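Residue-level listing of the chains:
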Number of protein chains: 2
Amino acid sequence: MALWYDEVTDDAVRFGLKVERTLFMGRSEFQTVSVIETSAFGRALLLDDLWMTSERDEAVYHELIAHVPCTTAKRLERVLVIGGGDGGTVREVLKHPEVQHVDMVEIDGLVVETSKLYLGTIGSAWDDPRLQVTIGDGIAWVKRTDLEKYDVVIVDGSDPVGPAVGLFNEAFYAGCKSMLRDGGCFITQSESPIMTKPVHLEMIRTIGKVFGEAHPLYGPVPLYPSGAWSWTYAHTGVDRFAVDVVRAARIEAQSKYWNRDIHRGAFAVPNHIKQALAEGAL
Amino acid sequence: MALWYDEVTDDAVRFGLKVERTLFMGRSEFQTVSVIETSAFGRALLLDDLWMTSERDEAVYHELIAHVPCTTAKRLERVLVIGGGDGGTVREVLKHPEVQHVDMVEIDGLVVETSKLYLGTIGSAWDDPRLQVTIGDGIAWVKRTDLEKYDVVIVDGSDPVGPAVGLFNEAFYAGCKSMLRDGGCFITQSESPIMTKPVHLEMIRTIGKVFGEAHPLYGPVPLYPSGAWSWTYAHTGVDRFAVDVVRAARIEAQSKYWNRDIHRGAFAVPNHIKQALAEGAL
């Protein structure tokens, strides 16, 4: 008998992978954490039974969330990653030799420990001496006034239910902005433009309110509902299309998805989203 | 008990929709044809139990396959559509008032009849007097020497198994090219860059051999394996980025997905595909 695991969205759509075996299943104070070996996508991480990342499809998500801000920030010395417990985002950030220090603030220590044990190909930079991992609350972190500011702030959180719910409101985005130097960049995952369009639109509007403008970008993540995913980018004084050519060329030599054409193309906004934003509709 | 229908790929990945009811199920000499009412995606068409299109997600596919060639062809009077039995592609093509005549050549009359009965929101242009539907073989059609040439040739076929298998080889693409005037455009769906990467790469190479160059483009189609889909574009003497501004503005006023930014952005090629094409790897 074949075993499958399906993530079901709205009791109406499901995406499933055939399961070879369960490698880990545990419960933290925040959520259940599981790692399963799938036939098609390699090892996959689930939080509260929702697909988070897999060995086969993780590159698009992690390269976009890291390199879109890291190739456009004016300086690139200090980076803050909130969430990102699987380690894929910091792995990409740390490919930039200009980066001197990365603070990663992940609320759930079990996610980090599990990823270190079972998802070593995704989190392959845990030993980089520039990386400081703090198990703690990202919402509290961006309220701190004792920190040196950052060039890039990346929010790599899960969906707006459970432990990540506080990562989706104006106060939090204002905190993120306050962490940035001038010429800095902010990015967050911002849900599916198809399956969770109202949340997606609301995030763009709220971030736009805080930063003055906000720019969604899009890419394929088969594991997530509808396979179409988004991130939203904002900044404190840069041009999002003015990619640093030295940083870009270095990344293009090793990336699976990101390159300068993809960078520009990802910012193209589907007409129905453009119209909804213009009309103020959800 | 809830009923679901899942399309399974490689016995390892599946995409499923909850089914409200089956509206039609029949068998032609070529394939089984079904229409089901789903909770999340409205009515959906399946051929040989594979998802083909749905009311909710069809716009991306049909707008890209129609407007990418129709906004870049030098003239836009005569269009040939091979396949496209659901009627979505010709509906988009016929939104261009410059179009004087469309030949649609669909091998399976049952697909057209079923779509007319059950998918009227997708095929909403069947009565346009500029449209000539022929139930016949597209492979034979492009061998004809008695036809006036076309400005745009669109291949809207299913996967390279079953009745569409002959739409994936050099002789067929050469036939399509022979149907084009100078300044004309060709486009075909070209499978998933993730789930069927070898077929995708082979199509780009073969079309490139026939036309001198071939350009893949990408967009999200949740219903198809991985949700990431591709088309491949070639031409007989145009610039794929030189969109006709009058045609484009007209379409942008009514499209759900396509606009000039999306047009340009869709042509951005993921790094792993770029590398594979450069290296000649599958």
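Residues numbered from 1 in each chain as written. Chains lettered and ligands numbered in written order. Predicted model: local features only at pLDDT ≥ 70, side-chain atom pairs only at ≥ 80, totals over all residues. Heavy atoms only, no water.

Student: Help me get a handle on the overall build of chain A, residues and values and all.
Tutor: Looking only at helices and strands, chain A has nine helices and 12 strands in total. A compact globule built from 282 residues should have a C-alpha radius of gyration of about 19 Å, and chain A, at 18 Å, falls within 12% of that. The dimensions of chain A, computed from C-alpha atoms along their principal axes, are 55 × 45 × 35 Å. Burial analysis of chain A (282 residues in total) assigns 63% to the buried set. Across chain A, contacts joining residues at least 24 apart in sequence account for 66% of those joining residues at least 6 apart. For chain A, the accessible area works out to roughly 10,400 Å², and carbon and sulfur atoms hold 52% of it. Of the side-chain charges in chain A, 28 are positive and 39 negative, and the distance between the mean point of each set is 5 Å. (Helix = DSSP H or I, 4+ residues; strand = E, 2+ residues; numbered from the N terminus. Rg over C-alpha atoms; globule rule 2.2 N^0.38 Å. Buried < 20%, exposed > 50% of the residue type's maximum accessible area, 1.4 Å probe, protein only. Contact = heavy atoms within 4.5 Å. Areas by Shrake-Rupley, 256 points an atom, 1.4 Å probe, with all protein chains shown as cover. Lys, Arg positive; Asp, Glu negative; His and termini not counted. Charge placed at Lys NZ, Arg CZ, Asp CG, Glu CD.)

Student: Provide a residue-level description of the relation of the copies chain A and chain B, including the pertinent values.
Tutor: Aligned on chain B, chain A shows an RMSD of 0.0 Å; the corresponding rotation is 180 degrees and the shift along the axis is 0.0 Å. Taken together, the rotation angle and the small translation identify this as a two-fold axis. Among all residues of chain A, the one whose C-alpha sits closest to the rotation axis is Gly265 of chain A, at a distance of 1.8 Å. Both copies share a contact surface, since 100% of the interface residues of chain A are interface residues in chain B too. (Least-squares fit on C-alpha atoms with pLDDT ≥ 70 in both.)

Student: Now, about the pattern of salt bridges: what can you tell me, with residues and values included?
Tutor: Scanning the model with the defined rule gives 40 salt bridges over all chains in all. Note that Arg247 of chain A is salt-bridged to Glu98 of chain A, the shortest N-O span being 3.9 Å. Taken together, the positions of Arg247 of chain A in helix α7 (residues 245-252) and Glu98 of chain A in the loop between α2 (88-93) and β7 (101-106) put the pair 149 residues apart, joining distant regions of the chain. Given a relative accessible area of 5%, Arg247 of chain A falls into the buried group. The class of Glu98 of chain A is partly exposed, set by a relative accessible area of 24%. Its salt-bridge partner being Arg181 of chain B, residue Glu77 of chain B comes within 3.9 Å of it at the nearest N-O pair. Pair noted here: Glu77 of chain B is in the loop between α1 (58-70) and β6 (78-83) and Arg181 of chain B is in strand β10 (residues 180-189), with a separation of 104 residues, a long-range link. Judged by relative accessible area, which is 24%, Glu77 of chain B ranks as partly exposed. Owing to a relative accessible area of 15%, Arg181 of chain B belongs among the buried residues under this scheme. Within the structure, one salt-bridge network assembled from shared partners comprises Glu58, Arg91, Glu92 and Lys95 of chain A. (Salt bridge = Lys/Arg side-chain N within 4 Å of Asp/Glu carboxyl O.)

Student: An account of helix α5 (residues 170-178) of chain B is needed here, citing residue identities and associated values.
Tutor: All names here are of chain B. Residues of α5 that are buried: Phe172, Tyr173, Gly175 and Cys176. Seen end-on, α5 carries its buried residues on one side only, within an arc spanning 155 degrees. Measuring from the side-chain oxygen of the N-cap residue of α5 to the backbone nitrogen of Ala171 gives 3.1 Å; that N-cap residue is Asn169. (Arc of directions from axis to C-beta. Polar contact = N/O pair within 3.5 Å; in protein donor to acceptor, adjacent residues only side chain to side chain.)

Student: Lay out the side chain of Glu92 of chain A in plain terms, naming residues and giving numbers.
Tutor: All names here are of chain A. With respect to the helices and strands, the residue Glu92 is situated in helix α2. The buried category is assigned to Glu92, whose relative accessible area is 2%. A polar side-chain atom of Glu92 sits 2.9 Å from a polar atom in the side chain of Lys95. Apart from residues lying up to four places away in sequence, Glu92 is in contact with His62, Glu63, Ala66 and His67.

Student: Run through the sheet that holds strand β6 (residues 78-83) of chain A, naming residues and quoting values.
Tutor: Residues and elements named next belong to chain A. Ordered in space as β8-β7-β6-β9-β10-β12-β11, the seven strands form an open sheet in which the pairing is mixed. If you trace the sheet from one side to the other, it starts and ends with β8 (131-135) and β11 (215-220), each paired once. Strand-to-strand twist across the sheet, computed as the mean angle between neighbouring axes with direction ignored, equals 15 degrees. In the sheet, β11 pairs with strand β12 (residues 228-235) via six bridges, with the strands oriented antiparallel. Across the sheet, residue Gly219 finds its bridge partner in β12, namely Trp229. Set on the sheet, helix α1 (residues 58-70) makes contact with β9 (150-156), β10 (180-189), β11 and β12; between it and β9 the angle comes to about 155 degrees. (Pairing = 2+ DSSP bridges. Axes fitted to C-alpha atoms, helices over the stretch in contact; angles between N-to-C directions.)

Student: Describe in detail the interface of chain A and chain B, supporting the description with residues and values.
Tutor: For interface size, the figure often reported is the accessible area lost on association. Facing the 38 residues of chain A at the interface are 38 residues of chain B. Broken down residue by residue, the surface that chain A buries against chain B is led by Trp4, Arg14 and Asn271 of chain A, which jointly contribute 20%. At the boundary of chain A and chain B, one finds six salt bridges. For Asp11 of chain A, the salt bridge is made with Lys18 of chain B, and the minimal N-O distance between the two is 2.6 Å. Counting across the chain A and chain B interface gives 26 residue pairs in polar contact (both at pLDDT 80 or more). (Buried area = accessible area lost by both parts, 1.4 Å probe.)

Student: Describe the sheet that holds β10 of chain B, naming the residues involved and giving the relevant values.
Tutor: Residues and elements named next belong to chain B. Pairing is mixed in the open sheet, where seven strands are placed in the order β8-β7-β6-β9-β10-β12-β11. On the outer flanks of this sheet lie β8 (131-135) and β11 (215-220), each paired with one strand and no other. The mean inter-strand angle of the sheet, taken between neighbouring strand axes irrespective of direction, is 15 degrees.

Student: Quick one: what's the story with the confidence of the model for chain A, residue by residue and with numbers?
Tutor: The predicted model of chain A has a mean per-residue pLDDT of 96, with 99% of residues at 70 or higher. Here the complex is predicted with pTM 0.96, and the ipTM for its interfaces comes to 0.95. (pLDDT = per-residue confidence, 0-100.)

Student: Mind laying out the packing of aromatic side chains, listing which residues take part and the relevant values?
Tutor: Residue and element names in this part refer to chain B. In this structure the tally under the stated criterion is 22 aromatic pairs over all chains. Seen from their ring centres, Phe15 and Phe41 are 6.3 Å apart, and the 80 degrees between their planes marks the pair as edge-to-face. In this pair, Phe15 sits in strand β2 (residues 13-27) while Phe41 sits in the loop between β3 (32-38) and β4 (42-47), placing the two residues 26 residues apart along the sequence. Phe41 matches Phe15 in its accessibility class, with the two residues each being buried. Here Phe241 and Phe267 contribute two aromatic rings whose centre-to-centre distance is 5.6 Å and whose plane-to-plane angle is 85 degrees, an arrangement assigned as edge-to-face. Residue Phe241 is located in the loop between β12 (228-235) and α7 (245-252), and its partner Phe267 is located in the loop between α8 (260-266) and α9 (271-279); the two are separated by 26 residues in the primary sequence. (Phe/Tyr/Trp six-rings, centres within 6.5 Å; stacked < 30°, edge-to-face > 60°.)

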